[in-house]
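Architecture and fold: a report
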Amino acid sequence: METITLQQENLWAPWRTKYIQGLSKPGGCFICDYLQNSGADEENLVLWRTEKSVVVLNRFPYNNGHLLIAPIRHIPDLAAADEAELFEMTKLIRETQKALSLSIKPHGFNIGMNFGRCAGAGLPEHMHVHVVPRWDGDTNFMSVCSETKVISQSLTELYRLLKEVSKKNNLPNL
Ligand SMILES: [Zn+2]
């Protein structure tokens, strides 16, 4: 099971096992699949498409509002990214924090990247930045709310809320 160490405690996310298993299909890249299928953005929880990047809700989140920022290009790491991609992804960290703060008012954020499977990357071939909202006491909450069905219902609602907030506040403002 994949875990992420946050402060001194682990967020417990058993539904992620399904995600990891799904990713083991050879040659599969869900980010590239989503990018090529623009008609299914709501279904795929693709929040924003920008010139160089894409922002999606993580279908198997560590916490409510867990977003992924990825370059459009299928590249594995920062060394392969160009200046414009690096700059846009950094600005998107700022913009996703704005959108999440307006929508679900987190108390804090974990923002980070995993490179290589040994470091916990579920999709090592296509780099992405994790934006994980945090609330006081959330490590206790998530272990109670572990039903995948409950999570996916709330994902659709959250997607619509983030879309509405983005429109109202002209986000992302790059
Ligand atoms: Zn890809």
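Preceding this paragraph is the structure being described.
Sequence positions are assigned chain by chain, starting from 1 and proceeding in written order. Predicted model: local features are reported for residues with pLDDT of at least 70 only, side-chain atom pairs are reported and counted for 80 or more only, and whole-chain, interface and lining totals are derived from all residues. The basis for every side-chain value is the complete set of non-hydrogen atoms in the structure, without hydrogens or water.

1. Observations concerning the overall build of the chain
- Strands here mean DSSP runs of E at least two residues long; helices mean DSSP runs of H or I at least four residues long; both are numbered from the N terminus. Secondary structure summary: the chain contains six helices and seven strands in total.
- Throughout, exposure labels follow a simple rule: accessible area from a 1.4 Å probe, protein chains only, divided by the maximum for the residue type, with under 20% read as buried, over 50% as exposed, and the rest as partly exposed. Taken across its 174 residues, the chain has 47% of its residues classed as buried.
- Here, residues are in contact when the closest pair of their heavy atoms is within 4.5 Å. Across the chain, every contact between residues at least 6 apart in sequence was considered, and the portion connecting residues at least 24 apart equals 66%.
- In this description, accessible areas are obtained by the Shrake-Rupley approach with a 1.4 Å probe, and a residue is regarded as covered only by the protein chains that are shown. Accessible area for the chain stands at about 9,200 Å²; split by element, carbon and sulfur atoms hold 52% of it.

2. With respect to the coordination of the zinc ion
- The zinc ion binds to the protein through Cys29 (SG), Cys32 (SG), His74 (ND1) and His126 (ND1), with metal-donor distances spanning 2.0 to 2.3 Å.
- Each metal site lists N, O and S donors within 2.8 Å (3.2 Å for Na, K and Ca). With water left out of the atoms, a site can look as if it is missing ligands. Under this scheme a four-donor centre is tetrahedral when all angles range from 85 to 135 degrees, a four-donor centre is square planar and a six-donor centre octahedral when opposite donors are above 155 degrees with the rest from 65 to 115, and any other centre is irregular. Metal-centred angles of 106 to 114° between the four donor atoms at the zinc ion mark the site as tetrahedral.
- Here Cys29 falls in the buried class, since its relative accessible area comes to 5%.

3. Section: the pairing of strand S4 (residues 53-57)
- Across the five residues of S4, five count as buried, placing the element largely inside the fold.
- Burial along S4 is two-sided: Ser53, Val55 and Leu57 and Val54 and Val56, pointing in opposite directions, are all buried.
- Note that strand S3 (residues 46-49) and S4 share three bridges and pair antiparallel. Within the sheet, the bridge partner assigned to Arg49 lies in S4 and is Val54.
- Following S3, the chain reverses through three residues before pairing antiparallel with S4. The rule for pairing is simple: two strands pair if DSSP sees at least two bridges between them.

4. Describing empty space enclosed by the protein
- Buriedness of a pocket was judged along seven lines, with at least five required to meet protein on both sides within 12 Å; pockets are open sets of points on a 1 Å grid over the protein atoms alone, cavities are sets where a 1.4 Å probe fits but cannot get out, and lining residues have an atom within 4 Å of a point. Grid points are joined across faces, edges and corners, and a volume is the space filled by probe spheres set on the points. As enumerated under the stated definition, the model contains one cavity of 30 Å³ or more in all.
- Amino acid classes used here: Ala, Val, Leu, Ile, Met, Phe, Trp, Tyr, Cys and Pro are nonpolar; Asp, Glu, Lys and Arg are charged; the rest, including Gly, are polar. Residues belonging to the lining of the largest cavity are distributed by class as follows: six nonpolar, three polar and no charged.

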